[in-house]
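Each chain, written out:
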Amino acid sequence: MRWINTRPGRGTQLALMLLPFLLLAVAYGFGSAARLAENANDKLLPSLAGFADAIDRMAFVADQRTGDYLLWSDTRASLVRLFAGLGISTVIALLIGMAIGMLPYLRALLSPFVAVISMVPPLALLPILFIVMGLGETSKIALIVIGIAPTMIRDLALRVLELPREQIIKAETLGGSSWQIALRVLLPQILPRLITCLRLQIGPAWLFLIAAEAISSDSGLGYRIFLVRRYLSMDVIFPYVVWITLLAVVTNYALDRIRIVVFPWSELETQG
Amino acid sequence: MSELVIQNVWKEYGDQIVLENVSLTVASRAFVALVGPSGCGKSTFLRMLLGQEKPTRGTILIDGQPMPTEPGPDRGIVFQRYSVFPHLTVLGNVLLGKEFSKSRHKAKLFGAARRNAVEEARDLITEVGLSGTEQKYPVQLSGGMQQRLALAQALIMKPKVLLLDEPFGALDPGIRAEIHTLMKRLWHETQMTIVMVTHDMREAFTLASRIVAFERRRDRPEEKQRYGATITNDIAIWPPRQAGVPSIFSPDRDGPVAFLGHRRDDLALSGESSEAH
Ligand SMILES: Nc1ncnc2c1ncn2[C@@H]1O[C@H](COP(=O)(O)OP(=O)(O)OP(=O)(O)O)[C@@H](O)[C@H]1O
Ligand SMILES: [Mg+2]
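The name recorded for chain B in an unreviewed UniProt entry is NitT/TauT family transport system ATP-binding protein, from Mesorhizobium sangaii. The annotation that UniProt attaches to chain B under Sequence similarities (unreviewed entry) is "Belongs to the ABC transporter superfamily."

As recorded in an unreviewed UniProt entry, chain A goes by NitT/TauT family transport system permease protein and comes from Mesorhizobium sangaii. Per UniProt, chain A has the following entry under Subcellular location (unreviewed entry): "Cell membrane".

Okay, structure coming up:
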């Protein structure tokens, strides 16, 4: 049988899925054990016990200075910023992206502009944001929006343009006005793609969030990582990184489930 | 119920002349089959009848009025593909036209208005043989079922003109015969004028009351750009088919075989009818 036609069974699939994670953990274990055997005070690759200790300290013991449980207060601060940024970007992308995709006049007006804006490196704008909006929440959320909204707008506009022309013609022959066609034909077909687009932007959104937090903040997961870096606290940094990854993975998965539940037809289509 | 008058229509895309000097009068309630080689401009012609595109020169009148410059509810269409909405169920697809016309802002019906519309939609769904599939999505239907759905969806608007662009090209012969029976019945029962593009001569002769052939008169490669296609044959089916009138001669004649012998008459007829313009 050709390789392209051999498929793993269910059990094998599960085993294969776990294998790279396991290998990574084992490799780390060996590396850590080797370094610690040489120098028991080595900070670079802490042992499992070291992690457990640090996690316990960050998550389950109140901070002496503020009385907060740091992991949770950091998570809350970061997620509020992240979701605010993602939410605002989604609304902007939906409105402008649909308009660009649908209306030739707005396309002529905005499409080149958005294309140019999306090429501006967002991090280069960060100082400007800090100067204009101050060091508070606004500038961090704004960075996320500036970082991901242009890409989302372009993606959605393309998706609208990709819809078969025949569908829109058909809707016109059913007597639909521009508004009605937008509402009943384009929007429902764009929403599942918007969710997919949003999933792809979770990574970049975290990037911009952590960058902003690293530079100026007093809370947040990115802030904490860059703070403890000064003390080479790998035992804190690693769990934080894993935690951020986990949050991103869960968000990604949840969004996909939402798409399947709310738009069952979009899943049928990908199978068909 | 409406007459289409096409007068000296030319269509050019940039330098390429696609159609030249096409003149045709389609009587109310006629069933015209449009045939011709691939790429000769049949779909282009249909798009002009739809109002999706404007002729470069010439005029198209519908019931004596100039053709609107955009598609509208009086002209229905079924394309070869992509005619139905993948995000709506069968029922939702058929309802959509009603919802557009009855609900300006929300484009959605509720309560009694919805119940009435649903009832009408269900009748049409039954009419095209799709009852029982109301809650399915188009991807869950076969190709033939999707085309029947597209028909039902267009019919709920009660269009004056129904345009079909190779609607049954991809279907197997069995399903096609079924849909042909359906098309005949619809043509007889409704008031529509039908223009159908097809590659299948048998289909053309089975369904139409008149067959119009497009062809390039000059088709050498160096002439392709400069000369468009035009009407080269215009055959009225004999004995005549009329909407709403069952054929007395052979109620279910069903293929080109019977017509092979009439070829000369057909050509003569075409001479007559082109003189008529
Ligand atoms: N939007 C367009 N821009 C430029 N040329 C076009 C356009 N649409 C069609 N054409 C050209 O017009 C000619 C006729 O195309 P059309 O699709 O009408 O052919 P057709 O008779 O429907 O062919 P088929 O039987 O294969 O569907 C083709 O040569 C095509 O290249
Ligand atoms: Mg065509």
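Resuming the write-up.
Engineer: Help me out: how do you make sense of the pairing of strand E6 (residues 75–78) of chain B in this one?
Structural biologist: A regular strand places its side chains so that they alternate between the two faces of the sheet. Residues and elements named next belong to chain B. The side-chain alternation of E6 yields two buried faces, one formed by Arg-75 and Ile-77 and the other by Gly-76 and Val-78. In the sheet, E6 pairs with strand E7 (residues 161–165) via 4 bridges, with the strands oriented parallel. Looking at E7, one finds that Gly-76 is bridged to Leu-162.

Engineer: For this particular structure, what's the right way to read the UniProt feature "transmembrane region" (unreviewed entry) in chain A?
Structural biologist: Residues and elements named next belong to chain A. As recorded in UniProt, the sites labelled "transmembrane region" (unreviewed entry) are residues 82–106, 113–135 and 236–255. Counted over residues 113–135, helix gives 74% and strand 0%. Its end C-alpha atoms are 28 Å apart. The span residues 236–255 is 100% helix and 0% strand, and its two end C-alpha atoms sit 29 Å from each other.

Engineer: What should I look at first to understand the domain arrangement of chain B in this one?
Structural biologist: A common measure of how large an interface is: the accessible area buried when the components associate. Residues and elements named next belong to chain B. Each assigned domain of chain B is listed with its residue range as follows: domain 1 (1–74 + 159–277) and domain 2 (85–158). The partner domain 2 presents 11 residues to the 16 residues of domain 1 that form the contact. Together, the buried faces of domain 1 and domain 2 total about 1,100 Å²; carbon and sulfur atoms form 70% of this surface. Where domain 1 meets domain 2, there are 2 salt bridges. Residues Arg-185 and Glu-127 are paired through a salt bridge, measuring 3.8 Å at the closest nitrogen-oxygen approach. One can count 2 residue pairs in polar contact (both at pLDDT 80 or more) joining domain 1 with domain 2. Those elements that place two or more of their residues in the side of domain 1 that touches domain 2 are E7 and helix H5 (173–189). It is H5 that provides the largest number of residues to the side of domain 1 that touches domain 2, a total of 8 residues. By residue class, the composition of the side of domain 1 that touches domain 2 is 12 nonpolar, no polar and 4 charged.

Engineer: What exactly am I supposed to notice about unusual backbone geometry here?
Structural biologist: Apart from glycine, the bulk of residues carry a negative phi angle, and the bulk of peptide bonds sit in the trans form. One non-glycine residue, Leu-232 of chain A, lies in positive phi territory at about 55°. Mapped onto the secondary structure, Leu-232 of chain A falls in the loop between helix H9 (221–228) and helix H10 (234–262). Phi at Ala-107 of chain B is positive, roughly 55°, even though this residue is not glycine. By secondary structure assignment, the location of Ala-107 of chain B is in the loop between helix H2 (90–102) and helix H3 (111–127). Exposure remark for Ala-107 of chain B: the relative accessible area of 0% places this residue in the buried category.

Engineer: What exactly am I supposed to notice about the environment of Ile-141 of chain A here?
Structural biologist: Residues and elements named next belong to chain A. Along the chain, Ile-141 falls in helix H6 (residues 137–162). Sequence separation between Ile-141 and Ile-88 is 53 residues; the distance between their C-alpha atoms is 8.8 Å. Not counting residues within four places of it along the chain, the set of residues in contact with Ile-141 comprises Arg-81, Ala-84, Gly-85 and Ile-88.

Engineer: Is there a simple way to explain helix H8 (residues 178–215) of chain A in this structure?
Structural biologist: Every α-helical turn comprises 3.6 residues, leaving residues that sit three or four positions apart pointing alike. End to end, H8 of chain A covers just 46 Å across 38 residues, shorter than the expected 56 Å (1.5 Å per residue, more than 12% under). Along H8 of chain A, the largest kink reaches about 45° and is centred on Leu-187 of chain A; proline Pro-188 of chain A follows within four residues of it.

Engineer: Teacher, can you tell me more about the pattern of salt bridges here?
Structural biologist: Any two side chains of opposite charge can pair if their charged atoms end up close together. Enumeration according to the criterion identifies 26 salt bridges over all chains in this entry. Asp-200 of chain B serves as the salt-bridge partner of Arg-176 of chain B, at 2.7 Å between the closest nitrogen and oxygen. With a gap of 24 residues between them, Arg-176 of chain B in helix H5 and Asp-200 of chain B in the loop between strand E8 (193–197) and helix H6 (201–207) connect regions that are remote in the sequence. Judged by its relative accessible area of 23%, Asp-200 of chain B is partly exposed. Connected through shared salt-bridge partners, Asp-155, Arg-159, Glu-162 and Arg-193 of chain A make up one network.

Engineer: I would appreciate a short explanation of the packing of H9 of chain A against H10 of chain A in the present structure.
Structural biologist: The relative placement of two packed helices is expressed as an angle between their axes plus a distance between the axes. Residue and element names in this part refer to chain A. Two numbers describe how H9 lies on H10: the axes approach to 9 Å, and their chain directions differ by 160°. Regarding the angle of H9 to H10, the classification is roughly antiparallel. Pair H9 / H10 crosses with left-handed handedness. Residue-level contacts link Leu-221, Arg-224, Ile-225 and Val-228 of H9 to Val-236, Ile-237, Tyr-240, Val-241, Trp-243, Ile-244 and Leu-247 of H10. Each residue belonging to the contact of H9 with H10 can be placed in one class, and the counts come to 10 nonpolar, no polar and 1 charged.

Engineer: Which parts of the structure should I look at to understand the UniProt feature "domain: ABC transmembrane type-1" (unreviewed entry) in chain A?
Structural biologist: Mapped onto this structure's residue numbering, the UniProt feature "domain: ABC transmembrane type-1" (unreviewed entry) falls at residues 79–259 of chain A. Counting secondary structure, residues 79–259 of chain A comes out at 87% helix and 0% strand; the distance between its end C-alpha atoms is 21 Å.

Engineer: Hey, could you run me through the side chain of Ser-219 of chain A in this one?
Structural biologist: Residue and element names in this part refer to chain A. Take Ser-219: it is sitting in the loop between H8 and H9. Ser-219 sits in the buried class, given a relative accessible area of 17%. Those residues in contact with Ser-219 that lie beyond four places of it in its chain are Asp-74, Ala-77, Arg-81 and Glu-213.

Engineer: Before we go on, may I ask you to explain the layout of surface pockets in this structure?
Structural biologist: Residues and elements named next belong to chain A. In this structure, the largest pocket spans a volume of roughly 700 Å³. The set of elements that each furnish at least two residues to the lining of the largest pocket consists of helix H1 (10–38), helix H2 (48–60) and H10. Considering only residue class, the lining of the largest pocket consists of 14 nonpolar, 4 polar and no charged.

Engineer: What should I look at first to understand the site of ligand 1 in this one?
Structural biologist: Residues and elements named next belong to chain B. Lining the immediate surroundings of ligand 1 are 13 residues, of which Ser-38, Gly-39, Lys-42, Ser-43 and Thr-44 lie closest. At a separation of 3.2 Å, an oxygen atom of ligand 1 approaches a polar side-chain atom of Gln-16. Within the side chain of His-199, one N or O atom sits 2.9 Å away from an oxygen atom of ligand 1. For ligand 1, whose unbound accessible area comes to 630 Å², protein coverage reaches 62%. At 4 residues, helix H1 (residues 42–50) tops the list of elements feeding residues into the shell around ligand 1.

Rules and cut-offs
Residues numbered from 1 in each chain as written. Chains lettered and ligands numbered in written order. Predicted model: local features only at pLDDT ≥ 70, side-chain atom pairs only at ≥ 80, totals over all residues. Heavy atoms only, no water. UniProt positions renumbered as here; feature names shortened; annotations may be inferred. Buried < 20%, exposed > 50% of the residue type's maximum accessible area, 1.4 Å probe, protein only. Helix = DSSP H or I, 4+ residues; strand = E, 2+ residues; numbered from the N terminus. Pairing = 2+ DSSP bridges. Domains from an automatic or database assignment. Contact = heavy atoms within 4.5 Å. Buried area = accessible area lost by both parts, 1.4 Å probe. Salt bridge = Lys/Arg side-chain N within 4 Å of Asp/Glu carboxyl O. Polar contact = N/O pair within 3.5 Å; in protein donor to acceptor, adjacent residues only side chain to side chain. Nonpolar A, V, L, I, M, F, W, Y, C, P; charged D, E, K, R; others polar. Expected span 1.5 Å × (residues − 1). Bend = angle between axes of the 7 residues up to and from the residue. Axes fitted to C-alpha atoms, helices over the stretch in contact; angles between N-to-C directions. Parallel < 35°, antiparallel > 145°, perpendicular 65-115°, else oblique. Left-handed = near helix turned anticlockwise from the far one by under 90°. 1 Å grid on protein atoms, 1.4 Å probe; cavity = no way out; pocket = protein on both sides within 12 Å on 5 of 7 lines; lining within 4 Å. Points joined across faces, edges and corners; volume = space filled by probe spheres on them. Near = heavy atom within 4 Å. Areas by Shrake-Rupley, 256 points an atom, 1.4 Å probe, with all protein chains shown as cover.

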